[in-house]
Amino acid sequence: MKLEDTSVYYSPARICSYNAPVNIIIGERSEGKTYAFKKLGIKNYLNKGQTWVYCRRYDTVLKEMLRQPFFGDIMANDEFPSIEFRVDGKRMQLRREGHKSWETFGYFASLNRAQAYKGTTDATCSMLVYDEFINEKRVPPYLPNEPTMLMNFWETLDRREDRVRIFLVANAADLVNPFFLEWGIIIEKPGIRRYKNGLLVVQWDDNPAFAEKAANSNIGRFTAGTSYDEYARGNFFIGGGDEFIEKKPQTAKPKCILQFQDQKYGVWDDLRLGHYYITKKLPSKAPTYSLTTADHRPNLIMLEHTNPFLKALVQHYRYGMLFFDSPATREGFLLALRFLGHLR
């Protein structure tokens, strides 16, 4: 017996229609994104014989999650009548009515242990779902070089046969995450946007029907107007506001380029206004300085944390005289200043 109408929840049909190898889906909490990809993985197996991989960042998180029935919601809603589902270790399995044997149609994996999967790939695998790829509070931390680790795992599964598509799924949360930084993703409003000549598609899903359903639920009505309501239903990015966002004037002159966590920031000053400007567009003629030993390269100068120029940038920010070309630039640069101990 089907428990509820799932039509108001997220559907991957639109983003799948773009047929991109790499896909990012951002949406409201509890919108059913994970549920939708469970259904898609099952359908792909039943209709095409294709398997899939469900991935989380840490094996400890995956182990804790699998303490609960992974397909309990699918079975409760009777999405696939006459089919049983179970988890057997790291394998997803189903059994059709009247059959004794269980069929493996998917696998569980953790990105921090992805190296262990080399040599154990399934030639029928067509989909990799990396769930909760955005850390809402950055605890536990992102993995070192996480986008590269995901690309390595993709290579292991796909072996450059162009059969495995990646879907990165998360709630709208941290605007400055390793994937947005690595792939140059800038999100300003809900919708779909293509990157890398269509090889990457990013969907910030806007679902008014679900938002209304969530607002009218018992939890929604009970917490309406509270900070919890803003947190639970907020389909927005932390640090996504337009504070300190201002276009660099033509009178601004190039000062330098600062490098932090493999990201480069152009620094400009306008003596007429007394402002500094930080942009992702880099000046063509300006010295480049690294901010950490990890970013240091030959022929660069690494600035000390106590460098007067860095202190001047911090002072300008505190006085409201430091501006940025986008929220992503602002959050990334302020993260660098916090890392260096200049801001709390």
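Note that the structure is a prediction, hence the values are computed from the model and not measured. Every residue gets a number counted from 1 within its own chain, in the order that chain's sequence is written. With pLDDT at 70 or above as the cut-off, local features in this predicted model cover only qualifying residues; side-chain atom pairs require 80 or more to be listed or tallied, and sums for whole chains, interfaces and linings still use all residues. Only hydrogens and water are removed before side-chain values are computed, so all heavy atoms of the structure are retained for them.

Asks: Requested: an account of the packing of aromatic side chains, with residues and values cited.
Replies: Note on aromatic pairs: the rings of Phe, Tyr and Trp (six-membered ring only in Trp) are paired at centre separations within 6.5 Å, and the planes decide the class, stacked below 30 degrees, edge-to-face beyond 60, tilted for the rest. Across all of its chains, the model carries 23 aromatic pairs by this definition. Here the aromatic rings of Phe-71 and Phe-105 are separated by 5.6 Å at their centres, their planes lie at 50°, and the arrangement is tilted. Here Phe-71, found in the loop between helix H3 (59-65) and helix H4 (72-76), pairs with Phe-105, found in strand E5 (residues 103-110); they are 34 residues apart in sequence, far enough to count as distant. Under the relative-accessibility criterion, Phe-71 is labelled buried at 3%. Here the aromatic rings of Phe-80 and Phe-85 are separated by 6.0 Å at their centres, their planes lie at 70°, and the arrangement is edge-to-face. Each residue's exposure class comes from its accessible area (1.4 Å probe, protein chains only) as a fraction of the maximum for that residue type: buried when under 20%, exposed when over 50%, partly exposed otherwise. Its relative accessible area of 8% is what places Phe-85 among the buried residues. Charge-over-ring placement is defined geometrically: NZ (Lys) or CZ (Arg) within 6 Å of the ring centre, and within 35 degrees of the ring normal. For Lys-248, the ring lying beneath its charged end belongs to Trp-268, and the centroid distance is 4.1 Å. The positively charged end of Lys-280 is found above the aromatic ring belonging to Tyr-265, 4.6 Å away from the centroid. To qualify as a helix, a DSSP run of H or I must reach at least 4 residues; to qualify as a strand, a run of E must reach at least 2; elements of each kind are numbered from the N terminus.

Asks: Tell me about the nonpolar core, residues and numbers included.
Replies: As a rule of thumb, soluble globular proteins bury nonpolar side chains together. Joining through side-chain atoms within 4.5 Å is the link that ties buried Ala, Val, Leu, Ile, Met, Phe, Trp, Tyr and Cys residues into a set, and such a set is a nonpolar core. Judged by nonpolar contacts, the single largest core of 35 residues is most densely connected at Ile-24, Ile-26, Leu-128, Phe-133, Phe-153, Leu-168 and Ile-185. If you list the elements that add at least two residues to this core, you get strand E1 (22-27), strand E2 (51-56), strand E6 (125-131), helix H5 (146-158), strand E7 (165-171), helix H6 (178-183) and strand E9 (200-204). Examining the composition of this core, we find that four residues originate from one element, H5, more than from any other. Should any heavy atoms of two residues lie within 4.5 Å, those residues are considered in contact. The contact partners of Ile-185, leaving out residues within four places of it in the chain, are Ile-24, Phe-179, Phe-180, Tyr-195, Leu-200 and Val-202. Tyr-35, Leu-62, Phe-80 and Met-92 belong to the second largest nonpolar core, which has 28 residues in total.

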